[in-house]
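# Structural features, examined
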Amino acid sequence: MTSTHNAPTTATGSELPPVATELARSWLRRMLLIREFENRCAQAYQDRKIGGFCHVYNGQEAVAVGCTAAVGAADPIVTAYRDHGHALARGMDPRHCMAEMFGRVGGCAKGKGGSMHMFDRANNLFGGHGIVGAQIPLGVGLAFGTKYEDEVINGGKSSRVTLAFLGDGALNQGAFHEAMNLAGLFDLPVIVICENNGYSMGTAISRGTTMGHDISAKALAYGIESAVIDGMDVIGVYGAMKQIADSVRASCRPAFVDMRTYRFKGHSMSDPRKYRTREEEERFEKEDPIGRLKSSLEAHGVNDDDFKAMQREVRAQVRDAVAWAERSPVTPSAELYRDVFIERWGPYTGSSQPEMLGGSETVADFTAVDPEGDLL
Ligand SMILES: Cc1ncc(C[n+]2csc(CCOP(=O)(O)OP(=O)(O)O)c2C)c(N)n1
Ligand SMILES: [Mg+2]
């Protein structure tokens, strides 16, 4: 089938103030970390160390890295199931991320969520959601929550911005339209970011979505301003997103972003990619966000040796994450119902707290029972 995915559109990036080399370097390292992490996940999946679904983020790294860099740590983030990149970009320890993939107690959700459910309360990452579009109303709800807290409870000015990511496949879900309507109606500080990689599983956007060539039309219907950003250029993503975030923060009006990107691998781990051509893949591989940033940084003294050193560092970091995840105990069946339903004493009783929040990594510590002996 011929390609129907629009080529990335140049963002306002070139007009933006130059980004400090050290900052851009840190993004290069973060993108390399995500790429390495995803490659090791694919390998571990084939080795059957990871079960269930697994969707890797190769090719889309500049989106999560550029967007998270453009906002503050207190700004909430919510995303769909292709979420490892967002978790790592947001600052989750790769050990906790990998342990979650492996179904181990050391995972961010104690191994009960797996690949699609990366949560990091400490870093204000509210998932990781498997139902297409389900996270968009959650993002709008988070924006409602921060605005309510800032303005009504604390009597100040709304100060936080929520980033709600979705795939282009979610544009056709009712949840997207209901959430956009409320965001527009209630003046909520949320940026709805469509990671437009051109395909929902194997369905090209032009085959499944009206106005697929210009999805900003959907935002217009709800009175929401929008932007098209080249999601393969991390500097451009950062610059454009920073401007949008500043404006949303100041005006307390929502925004929509058509973030043009491409996933280099299949939809999930078993996808022969027959719905697109090799020529199309090669065209986008030339736009590799890592290669593009590497080239931009060459003029600023980051040479091949620096790049190789960074690659070695992230390789060691991911190898360590795998080893750590393997040492973490398999989540025991006694844990299955904990934190799933509301518990009398709160969601994290005693030592059932995940490692990343300061909990313990031993199985023995995860066997605490309800003090009144109730069935949890
Ligand atoms: C409500 C719902 N319907 C169908 C599915 C099955 N499904 C999983 S991913 C997907 C395609 C989503 O594509 P897109 O939103 O573009 O995300 P991408 O995989 O490209 O990142 C579908 C249909 C689902 N998880 N939830
Ligand atoms: Mg898609």
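These numbers come from a predicted model, not from an experiment.

Our next topic: the environment of Met 241. With respect to the helices, strands and loops of the structure, Met 241 is situated in helix α9 (residues 234-251). By C-beta crowding, Met 241 is classed as buried, having 27 other C-beta atoms within 10 Å. Put simply, Met 241 and Ala 70 are 171 residues apart on the chain and 5.9 Å apart in space, counted from C-alpha to C-alpha. Those residues in contact with Met 241 that sit more than four places away from it in its chain are Gly 66, Cys 67 and Ala 70.

Here we take up the pairing of strand β3 (residues 190-196). Along β3, seven of the seven residues are buried, which leaves the element largely enclosed by surrounding structure. Neither face of β3 is left uncovered, since the one carrying Val 190, Val 192, Cys 194 and Asn 196 and the one carrying Ile 191, Ile 193 and Glu 195 both have all their residues buried. Across six bridges, strand β2 (residues 162-167) lies against β3 in parallel orientation. Across the sheet, Ala 164 pairs through a bridge with Val 192, a residue of β3. In this fold, β2 hands off to helix α6 (residues 174-185), which returns the chain to β3; that crossover is right-handed. In this sheet, strand β7 (residues 255-260) lies alongside β3 in parallel orientation, the contact comprising six bridges.

Let us now look at the site of ligand 1. Near ligand 1 there are 13 residues, and of these Val 132, Gly 167, Asp 168, Gly 169 and Ser 200 occur at the shortest range. Its residues placed into classes, the shell around ligand 1 shows five nonpolar, six polar and two charged.

Below, the discussion takes up the nonpolar core. Among the nonpolar cores identified, the biggest contains 93 residues, and Met 31, Ala 164, Ile 191, Ile 193 and Val 257 are the most heavily contacted of them. Element by element, the count of residues in this core is highest for helix α1 (residues 21-46), at ten residues. Apart from residues no more than four positions distant in its own chain, Val 257 is found in contact with Ile 191, Ile 193, Cys 194, Ser 226, Ala 227, Ile 229 and Ile 244.

What follows concerns the confidence of the model for the chain. With 87% of its residues at a pLDDT of 70 or more, the chain shows a mean pLDDT of 89. Every residue in residues 361-376 scores below 50 in pLDDT, and together they form 27 contacts with partners more than four places removed in sequence or on other chains.

Rules used throughout
Residues numbered from 1 in each chain as written. Chains lettered and ligands numbered in written order. Predicted model: local features only at pLDDT ≥ 70, side-chain atom pairs only at ≥ 80, totals over all residues. Helix = DSSP H or I, 4+ residues; strand = E, 2+ residues; numbered from the N terminus. Buried ≥ 20, exposed ≤ 12 C-beta atoms within 10 Å, placed from the backbone. Contact = placed C-beta atoms within 7 Å. Pairing = 2+ DSSP bridges. Right-handed = clockwise from strand over helix to strand, strands pointing away. Near = placed C-beta within 6 Å. Nonpolar A, V, L, I, M, F, W, Y, C, P; charged D, E, K, R; others polar. Core = buried A, V, L, I, M, F, W, Y, C linked by C-beta atoms within 7 Å. pLDDT = per-residue confidence, 0-100.

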